[in-house]
Amino acid sequence: MKTKISLLLNILLIAAFLITSCGQATQVAPTQAPATNAAPVGFDWKRYSGQEITLLFNEHPWTDGVRPYIQEFEDLTGIKVNLQAFAEDLYFDKMELAVRSDKPVADVYFLPMDSTAYTQYSADLIAPLTPYINDPTMTASDYDLADFPEGFQASAMYPPGEANAQLYGIPITFEAYILFYNKDLVDKYLGGKVPETMPDLLAAAKKISEEGNGEVYGAVMRGIRSDTIMDTLTGVVFNSWGTNPTPLPYNIWFDGDWTKPRFTDPRITEGLSNYAEMMKAGPPNIQSIDWNDANQLFAQGKVAFFIDASLFGPGYEDPATSAVAGKVGYSPLPKSDQGSMTGHWLWGLGIPKNSQHKEAAWYFIQWATNKDNEPKIGTKTGGAPRLSTWDNSVYKGALNADYVKAVQTAMATSRPTAVFYEGWKEIAIMIVDSIQEMYGGKDPAQATKDLQDKVLSVTTKK
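Residues numbered from 1 in each chain as written. Predicted model: local features only at pLDDT ≥ 70, side-chain atom pairs only at ≥ 80, totals over all residues. Heavy atoms only, no water.

Formed by 141 residues in total, the largest nonpolar core has its most connected members in Trp 253, Phe 305, Trp 362 and Phe 364. In contact with Trp 253, other than residues within four places in its own chain, are Met 230, Thr 234, Val 237, Lys 260, Pro 261, Arg 262, Phe 263, Ile 268, Leu 272, Val 419, Trp 424 and Ile 431. (Core = buried A, V, L, I, M, F, W, Y, C linked by side-chain atoms within 4.5 Å. Buried < 20%, exposed > 50% of the residue type's maximum accessible area, 1.4 Å probe, protein only. Contact = heavy atoms within 4.5 Å.)

This is the structure we're talking about:
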């Protein structure tokens, strides 16, 4: 009997101990670390320490800008970086081979944020970045994607215009299309008055060419018969188009359907004509001039006005390579009846679908494009795509103040020049041909009517 009573007392004591213990556990559990080996919740730069990634880059000022800081990334993350850079003419071939290779070749690559990127997306060759951006364990809380203008992101949001679109590239450098002018020539021929409207610019450029006696010219533009002039050309047409939407994939050229081109719209006709008129104020060999030739002529002080990529600006301020250092003015495109508008083109960073280190690759992309590093890297390009960078003292201090003001103003009215259409190059050449016809004297309205018919003959067959 005593044994049974002792046993019963022991049971009651054990039960009381368990009840008390559970109560205590309930009280202290919130302040105790979990007794597991689970990975810590939150973002950790060391998460992929020990991995190695290959960067496939274009030899570009941005590449020059990031090189000195690669070691900082390696120290921060423990990720080893293998940087491979190629001259631009070789880079495009290397890029296409890399994303299409059966074996992984690169983990991060220079992504042209235009129809090239869209073609790679359509072929399922590029990895989406949105899942990483939306994951707080993969992206630092202060990354702030919204600091990149929506118009910049739109160039790599696919499917374009869809609610479920994802981002496939992060911008690293952009070019908007602005007006460069030679202050000395404006003083000499125009009494120092810079044209404020597009008609005034055309008249001023013509005047300087007529009075320059072949020694200086009123303007220079990309004049070759090539689809590579389309971004600058589109920026000029945007200036005549105004604030009406130009949604991708159609952009300005089609009215929501590939069978509805709108080249006969008076605003498009005007924009194309303005480009041709600027060509007329240029050198006699304008039809053989590409961007590098035009850039050189302006840097030599032989041209009063040049409409092209804002990225040329920092180079004009280098006295070692430019005869116009300290003599260049920068301005948004002169106003048309629709105001001052422009376009932009971007390089970005993307991840090939065949990469075996996508997460570590994303770590590099977010590090290189965050608010701390973009201002330092961007001083080499003058085309940093974050809005906040243009107010950063390090970044602004490295650039001409008038240049900064002109580009900031252009960014506010800039939109993508890209068109996402299979066979776009063929149509682009048709547009360029219409410019060449106007340059040769063809009536602009007739030239765009003929262009409309040519494009319809292509798009209605598909």
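The omega torsion across Tyr 158 and Pro 159 is -5°, close enough to zero to call that bond cis. Backbone geometry at Asn 213 places phi at a positive 55°, although glycine is not the residue there. Within the fold, Asn 213 resides in the loop between α9 (198-211) and β7 (217-220). By relative accessible area, which is 65% here, Asn 213 ends up exposed. Phi at Asn 251 takes a positive value of approximately 60°, unusual for a residue other than glycine. Tracing the backbone through its elements, the reader meets Asn 251 in the loop between α10 (230-241) and α11 (266-280). (Helix = DSSP H or I, 4+ residues; strand = E, 2+ residues; numbered from the N terminus.)

So, on to the packing of α10 against α11. Viewed as axis vectors pointing N to C, α10 and α11 meet at an angle of 130°, and their least axial separation amounts to 8 Å. Classified by the angle between their axes, α10 and α11 sit oblique to one another. Between α10 and α11 lies a crossing of right-handed hand. On α11, the residues that touch Thr 232, Leu 233, Val 236, Val 237, Ser 240 and Trp 241 of α10 are Arg 267, Ile 268, Glu 270, Gly 271, Leu 272, Asn 274 and Tyr 275. In terms of residue class, the contact of α10 with α11 is built from seven nonpolar, four polar and two charged. (Axes fitted to C-alpha atoms, helices over the stretch in contact; angles between N-to-C directions. Parallel < 35°, antiparallel > 145°, perpendicular 65-115°, else oblique. Left-handed = near helix turned anticlockwise from the far one by under 90°. Nonpolar A, V, L, I, M, F, W, Y, C, P; charged D, E, K, R; others polar.)

Where helix α4 (residues 88-100) contacts helix α5 (residues 115-122), the two axes come as close as 11 Å, and the packing angle between them is 20°. Between α4 and α5, the angle is such that the two are roughly parallel. The handedness of the crossing between α4 and α5 is right-handed. Contacts from Met 95, Glu 96, Val 99 and Arg 100 in α4 reach Thr 116, Thr 119 and Gln 120 in α5. Looking at the contact of α4 with α5, its residues break down into two nonpolar, three polar and two charged.

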